[in-house]
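A structural walkthrough
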Amino acid sequence: MRLGVPKETAPGERRVALVPETVGRLGDGIEAVVESGAGDAAGFGDDAYREAGATIGDPWGADVVAKVAAPTAEEAARLHSGQVLVAFLQPLTDTAGIERLAAAGVHGFALESVPRITRAQPMDALSSQATVAGYKAALLAADRLPRFFPMLMTAAGTIPPAKVLVLGAGVAGLQAIATARRLGAVVSAFDVRPAVREQVESLGATFLDLGIHGEETEGGYARELTAEQQVAQQAELQARIPGFDAVITTAAVPGRPAPKLVTADAVRAMRPGSVIVDLAAESGGNSEVTQPGQDIVVDGVTVIGTTNLPSTMPTHASQLLSRNVASLLALLVQDGAVKLDWDDEIISGTCVTRKEVAA
Ligand code: NAD
């Protein structure tokens, strides 16, 4: 069985789907074919792949292709019927890309669709990449704030700690809380899922009670708030946000535009020098003023809309992603051959396009 690993072509994408360490652990019967330069931006050169046992060559003809980003139309044209593709395929938002794969008869496995059950945790690439993003978001906030995060007692006087608010306490939010706490900030957080309060508090942060309680789906995700709840949330936050030096927003509802939590008025009410890091920038942003992919300053408040934060830490982001991909492959490949057991809920749940077999 041949496993192809292409070089990513999306602008700014520095990750790679498989790192040399994982190549060495793929198991008997799996031969990795890595495109030349695929790991360069993440710090893994062709020689490291060769030493791990991979071949450097054309990855597109392999039985299984593992990528980070969904293939472009040009890349998809290189795939063939019956081939397995594993990547972030954006099944809820990239309709054209999914239709392309379906028309080509490709078995498309979307990393976003791995069910959030205990057995699938090693394959949970959304969580591994959200961990990277949450960590980096806290560092960006600390870097751009013209103040210290920790409290300092010096001969020149005492500096109070920064006050940080994290909105959305899923995987990324919890990592942002933990990182901001390690840097010494005083952290508060809010999430619409009531179950999160305990997790926030166990990290030493305060749960901000806005009086808004949303619902949780079976998969552990939040349901979108009603229009009335959204208005109430914006009003509650607007009253409290000026008390914080930095706001890190991570709120998301799968397949929906990012909920707008921070109004333009709330941004303007913050002290000059305050910082907002909007992790939801890619799906439109949690703040009304966020410009995806840009850092802007609104009335003295820096609003960071960097997209794809995991790609800014490509070595560890790729290492974690690679382990997720390898765990999924271990399920799709048996004894050196692709074997898709559609009765397995991870396999059927993760598959978003499938070659139709005549009955
Ligand atoms: P996500 O990226 O979809 O959303 C981020 C957070 O935003 C969520 O916590 C969500 O509740 C919150 N949110 C949505 N709308 C909001 C609003 N209007 N205001 C404030 N917050 C809002 O979520 P995620 O981080 O990928 O995961 C969500 C949860 O799923 C995790 O916290 C975890 O408990 C669970 N999970 C379970 C497993 C498992 O294997 N069992 C694995 C990973 C995650």
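Keep in mind that what you see is a predicted model, and the values were worked out from it rather than measured.

The rules behind the values
Residues numbered from 1 in each chain as written. Predicted model: local features only at pLDDT ≥ 70, side-chain atom pairs only at ≥ 80, totals over all residues. Heavy atoms only, no water. Buried < 20%, exposed > 50% of the residue type's maximum accessible area, 1.4 Å probe, protein only. Helix = DSSP H or I, 4+ residues; strand = E, 2+ residues; numbered from the N terminus. Arc of directions from axis to C-beta. Contact = heavy atoms within 4.5 Å. Pairing = 2+ DSSP bridges. Near = heavy atom within 4 Å. Polar contact = N/O pair within 3.5 Å; in protein donor to acceptor, adjacent residues only side chain to side chain. Areas by Shrake-Rupley, 256 points an atom, 1.4 Å probe, with all protein chains shown as cover.

**Quick look at helix α4 (residues 95-103)**
Those residues of α4 that fall on the buried side of the exposure criterion are Gly-97, Ile-98 and Leu-101. Mapping the buried residues of α4 onto a view down its axis gives an arc of 95°, with all of them on the same face. Within α4, the exposed residues directed more than 90 degrees away from the buried face are Thr-95, Glu-99 and Ala-103. If you follow the buried residues of α4, they end up packed against α3 (73-76), β5 (84-88) and β18 (351-353). Gly-105 sits one or two positions beyond α4 and adopts a positive phi of about 75°.

**Side note on the sheet that holds strand β13 (residues 275-278)**
Taking strand neighbours across the sheet as the criterion, the 7 strands line up as β11-β10-β9-β12-β13-β15-β14 in an open arrangement whose pairing is mixed. The strands lining the two open edges of the sheet, one partner per strand, are β11 (206-207) and β14 (295-298). Examined bridge by bridge, β14 and strand β15 (residues 301-304) share 4 bridges and lie antiparallel to one another. Note that in β15 the partner of Val-298 across the bridge is Val-301.

**Topic: the site of the ligand**
By nearness alone, 24 residues border the ligand, and Arg-116, Val-171, Asp-191, Arg-193 and Gln-233 come closest of all. With respect to the ligand, the side chain of Arg-116 contributes an N or O atom lying 2.7 Å from an oxygen atom. Here the ligand has 840 Å² of accessible area as a free molecule, and 84% of this is covered by the chains.

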